[in-house]
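Analysis of the macromolecular model
Spelled out, the chains give:
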Amino acid sequence: SCLSLPSSWDYGHVCVFVGLPESIIAAACSRSGRRVLHVDSGKFSQKIENSDIVSDSPVWQDQILENEEAIALSRKDKTIQHVEVFCYASQDLHEDVEEAGALQKNHALVTSANSTEAADSAFLPTEDESLSTMSCEMLTEQTPSSDPENALEVNGAEVTGEKENHCDDKTCVPSTSAEDMSENVPIAEDTTEQPKKNRITYSQIIKEGRRFNIDLVSKLLYSRGLLIDLLIKSNVSRYAEFKNITRILAFREGRVEQVPCSRADVFNSKQLTMVEKRMLMKFLTFCMEYEKYPDEYKGYEEITFYEYLKTQKLTPNLQYIVMHSIAMTSETASSTIDGLKATKNFLHCLGRYGNTPFLFPLYGQGELPQCFCRMCAVFGGIYCLRHSVQCLVVDKESRKCKAIIDQFGQRIISEHFLVEDSYFSENMCSRVQYRQISRAVLITDRSVLKTDSDQQISILTVPAEEPGTFAVRVIELCSSTMTCMKGTYLVHLTCTSSKTAREDLESVVQKLFIPYTEMEIENEQVEKPRILWALYFNMRDSSDISRSCYNDLPSNVYVCSGPDCGLGNDNAVKQAETLFQEICPNEDFCPPPPNPEDIILDGDSLQPEASESSAIPEANSETFKESTNLGNLEESSE
């Protein structure tokens, strides 16, 4: 809550800000017996000033002693830029349309249709210099709005909602403890009657807004990746449920087709000739143990993986499948070794939980930080939400951070501080060179590849077409993932930025989808999915930045990066473990918690493996009868 903390609150070890790596570290430290305070700055709880930092705030300046100096933290988040929102669904909205299950509005907070909406409505960014490019091609003028509780935050970046005139666009984001790498943002729906068959209106989307959970960061979990291993080891997996990605797709010659990846898929595929099947299986078998046969790739280490594939007697069809649907690497930037490693990792993850290497958490990636936050809280960690931090207090002599000062001017003393990159001011980050990620989020009315089942979760890579551009990763989520309402799909597009998000991604969107228009509603022959709503934005990639790039960074302040552009979460886990070992050397990283049965039972104690198994409840899905059990399925698959 926003209530003030006790005066001179003293935390012996760790003070943590929001984020996935920070949440993992908080859980690990709490599990190791450290006192942890996890502060969510809640930037929407305070009015965002026009200045970048609170350099003139007497609230904290009066607290600085003669032998101290303050490092002011940024008040304006610039990690998300170039936000553009488009709505194509029918605009038959009524002024009294409200989201199903929403709290009753406070009339004092409700403004007219062409003014900024109250704090209960959110869609994407508020009026912020970094978000000033936001536009929305809805039929009438739109107004940005911000929601203190439900606003999106990635790397501390806020994304509030945007709405049309007469639209009560509400972002329904289930409250989450902390998320940097991705948080959920939903959209909302209306209570009006459903007009025609197969017709989805914007008011329907408003009414069903609580069913939408939109991650700002689009990722999947490799079934043998570091994050899955950590979830199992720490028993945090019991707090989440997962779905298998059911299909890996490819886009060739203007068509979307399913790619065979397992042995059974390869031999059952009608897209490959018998010769191609043998060639592909032979090459994939080699990739599984490529380290044992260095002569096979000796002399090719310096060339790209794409060029290496041309030397392996693979047909162009097989080269395309391996490059873009299995290795999922860049044609120009990935070396032969990188490609072989990526292919081996893909194959290594096959079959552990399903027919593809990937899992997706129900309700979105935003659930994962919550899981680790819950573990932290179980072992005594304290969470203070919507509590902004004004500055770091540094001792002039030792150059160590002694405390932080919150919005009430109170000191919070700690030995170690973890801060996400976006909290630092421009002066501290003046030597940092950031990359950018281009993102798009679409709500569509059907899948990119129609099959008998409408509950498919798919991943598709669209290769770059021009020099200087990058391949685009497309992840399509169905309603059984709990990220969108029934009858719609949530589509995430991601690539490394070369321009603005819309410029980078719009050509791919046009290849795969068409806008939803009234004239095409009755046309059942339309093959492409229709876009109901679209969002484009750029976000900062602060991964792999050395701490030496930050100016005057105290030695006991540890920087956690925001999300990277990679498909998996290995970077966040590696970062969390590295920082944990610096804070708590020689401590076990996220050990499994004690099993209650070990305490209750006398004599026979459970096997160690018992604490690593997680019973995850059944989840409704037309495709899968139950959600993935990270513990038990592991035992059965190995």
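None of the values given here were measured: they were computed from a predicted structure.

Counting its regular elements, the protein contains 14 helices and 27 strands. Split into buried and exposed, the 638 residues of the protein put 58% on the buried side. Surface accessibility of the protein: about 26,700 Å² in total, with carbon and sulfur atoms responsible for 48%.

Bringing the pairing of strand β16 (residues 358–361) into the picture now. A two-sided burial pattern is seen for β16, the buried positions comprising Phe358 and Phe360 on one face and Leu359 and Pro361 on the other. Inspection of the sheet shows strand β12 (residues 221–222) paired to β16 by two bridges, in the antiparallel sense. Across the sheet, residue Tyr222 finds its bridge partner in β16, namely Phe358. Note: strand β13 (residues 242–244) against β16, three bridges, orientation antiparallel. Within the sheet, the bridge partner assigned to Phe242 lies in β16 and is Pro361.

Moving on: the environment of Lys313. Structurally, Lys313 is set in the loop between α7 (305–310) and α8 (316–327). Classification of Lys313 as exposed rests on a relative accessible area of 73%. Separated by 30 residues in sequence, Lys313 and Phe283 have C-alpha atoms that sit 9.5 Å apart.

Taken in spatial order, the three strands make up an open sheet running β12-β16-β13, and their pairing is antiparallel. The two strands at the open ends of the sheet, each matched to only one other strand, are β12 and β13.

The N-to-C vectors of helix α6 (residues 274–288) and α8 enclose an angle of 45 degrees; their axes lie 10 Å apart at closest approach. As judged from the angle between their axes, α6 and α8 are oblique. Crossing angle aside, the handedness with which α6 passes α8 is right-handed. Taking contact as the criterion, the partners of Glu276, Met279, Leu280, Phe283 and Leu284 in α6 are, on α8, Asn317, Leu318, Val322 and Ile326. Residues that form the contact of α6 with α8 fall into these classes: seven nonpolar, one polar and one charged.

A separate point is the packing of α6 against helix α9 (residues 336–349). The contact between α6 and α9 brings their axes to 8 Å, and the two run at 95 degrees. In terms of orientation, α6 and α9 fall into the roughly perpendicular class. Of α9, the residues touching α6 (which contributes Leu284, Phe286, Cys287 and Met288) are Leu340, Thr343, Lys344, Leu347 and His348. Across the contact of α6 with α9, the residue classes tally to six nonpolar, two polar and one charged.

For α6, built from 15 residues, the straight-helix expectation of 21 Å at 1.5 Å per residue is met to within 8% by its first-to-last C-alpha distance of 21 Å. Listed in full, the buried residues belonging to α6 are Glu276, Lys277, Leu280, Met281, Phe283, Leu284, Phe286 and Cys287. Packing partners of the buried residues in α6 comprise α5 (263–268), α7, α8 and α9.

Below, the discussion takes up the pattern of salt bridges. Applying the stated criterion across every chain, the model contains 21 salt bridges. Between Asp564 and Lys219 there is a salt bridge; the shortest N-O distance is 2.7 Å. Here the residue Asp564 occupies a position in the loop between β27 (557–560) and α12 (570–583), and Lys219 occupies one in the loop between β11 (214–215) and β12, the gap between them amounting to 345 residues. As far as burial versus exposure is concerned, Asp564 and Lys219 are alike and both buried. Several salt bridges converge on common partners, so that one network encompasses Glu68, Lys402 and Arg411.

This part takes up the side chain of Ser269. Position of Ser269 among the secondary structure elements: in the loop between α5 and α6. Since its relative accessible area comes to 10%, Ser269 is described here as buried. Sequence-distant contacts of Ser269, defined by excluding residues within four places in its chain, comprise Pro260 and Lys277.

Side chains of nonpolar character tend, in soluble globular proteins, to be buried together. Among the nonpolar cores identified, the biggest contains 68 residues, and Phe283, Phe305, Phe358 and Trp533 are the most heavily contacted of them. It is α8 that provides the largest number of residues to this core, a total of seven residues. Shared between two domains, this core takes at least three residues from each, and those domains are domain 2 (78–92 + 200–215 + 220–257 + 435–541) and domain 3 (262–349).

As a further point, take unusual backbone geometry. With phi around 65 degrees, Asn235 is a residue other than glycine that occupies positive phi space. Assessed through its relative accessible area of 9%, Asn235 is described here as buried. A positive phi angle, close to 55 degrees, is found at Met328, a residue other than glycine. Tracing the sequence through the fold places Met328 in the loop between α8 and α9.

Moving on to α12. Given a rise of 1.5 Å per residue, 14 residues ought to cover 20 Å, and the 20 Å separating the end C-alpha atoms of α12 matches this to within 8%. Within α12 the residues assigned to the buried category are Ala572, Val573, Gln575, Ala576, Leu579, Phe580 and Ile583. Across the axial projection of α12, the buried residues extend over an arc of 165 degrees, all falling on one side.

The next thing to look at is the pairing of strand β26 (residues 530–541). Of all the twelve residues making up β26, twelve are buried; the element is thus mostly covered by neighbouring parts of the structure. In this sheet, β26 lies alongside strand β4 (residues 80–87) in antiparallel orientation, the contact comprising six bridges. Within the sheet, the bridge partner assigned to Gln81 lies in β26 and is Asn538. Pairing of strand β21 (residues 435–444) with β26 involves ten bridges; the strand directions are antiparallel. Residue pairing for β26: Arg435 is matched across the bridge by Asp541.

Per the counting criterion, the structure on display carries ten aromatic pairs. With a centroid separation of 5.6 Å and 55 degrees between ring planes, the pair formed by Phe424 and Tyr550 is classed as tilted. You can see Phe424 sitting in the loop between β20 (411–420) and β21 and its partner Tyr550 sitting in the loop between β26 and β27, a full 126 residues away along the chain. What links up through ring pairs into an aromatic cluster is the set Tyr222, Phe346 and Phe358. A cation over an aromatic ring shows up here: Arg252 above the ring of Tyr320, its NZ or CZ 4.8 Å from the ring centre. The ring of Tyr434 carries Arg540 above its face, with NZ or CZ at 4.1 Å from the centroid.

Conventions adopted
- Per chain, residue numbering runs from 1 following the sequence as it is written.
- Reporting in this predicted model follows two pLDDT cut-offs: at least 70 for local features of residues, and 80 or more for side-chain atom pairs to be given and counted; totals over whole chains, interfaces and linings ignore these cut-offs and use all residues.
- Hydrogens and waters are ignored; side-chain quantities use all the structure's heavy atoms.
- Working definition: helices are DSSP H or I runs of at least four residues, strands are E runs of at least two. Numbering for both runs from the N terminus.
- Remark: exposure states derive from per-residue accessible area (1.4 Å probe, protein chains only) relative to the maximum for the residue type, with buried under 20%, exposed over 50%, and partly exposed in between.
- Using a 1.4 Å probe, the Shrake-Rupley method yields the accessible areas, and only the shown protein chains count as cover for residues.
- Should DSSP find at least two bridges between two strands, the strands are taken to pair.
- For helices, the axis comes from a line fit to the C-alpha atoms of the stretch in contact; other axes are also lines fit to C-alpha atoms, and the angle between any two N-to-C directions lies between 0 and 180 degrees.
- An angle below 35 degrees is read as roughly parallel, one above 145 as roughly antiparallel, one from 65 to 115 as roughly perpendicular, and any other as oblique.
- Crossings are sorted by hand: turned counterclockwise from the far helix by less than a right angle, the near helix makes the crossing left-handed, and turned clockwise it makes it right-handed.
- Here a residue-residue contact requires only that any non-hydrogen atoms of the pair lie within 4.5 Å.
- Ten residues, namely Ala, Val, Leu, Ile, Met, Phe, Trp, Tyr, Cys and Pro, are considered nonpolar, four, namely Asp, Glu, Lys and Arg, are considered charged, and the remaining ones, Gly among them, are considered polar.
- The length a helix should cover is 1.5 Å for every residue beyond the first.
- Each salt bridge in this description consists of a side-chain nitrogen of Lys or Arg and a carboxyl oxygen of Asp or Glu lying within 4 Å of one another.
- What makes a nonpolar core is a set of buried Ala, Val, Leu, Ile, Met, Phe, Trp, Tyr and Cys residues whose side-chain atoms join them at distances within 4.5 Å.
- Each domain span listed reflects an automatic or database assignment of domains.
- Directions from the helix axis toward the C-beta atoms define the arc.
- Working definition: rings of Phe, Tyr and Trp (its six-membered ring) pair if their centres are within 6.5 Å, and the pair is stacked with planes under 30 degrees apart, edge-to-face with planes over 60 apart, and tilted otherwise.
- For a ring to carry a charge above it, either NZ of a lysine or CZ of an arginine must fall within 6 Å of the ring centroid while also lying within 35 degrees of the normal to the ring plane.

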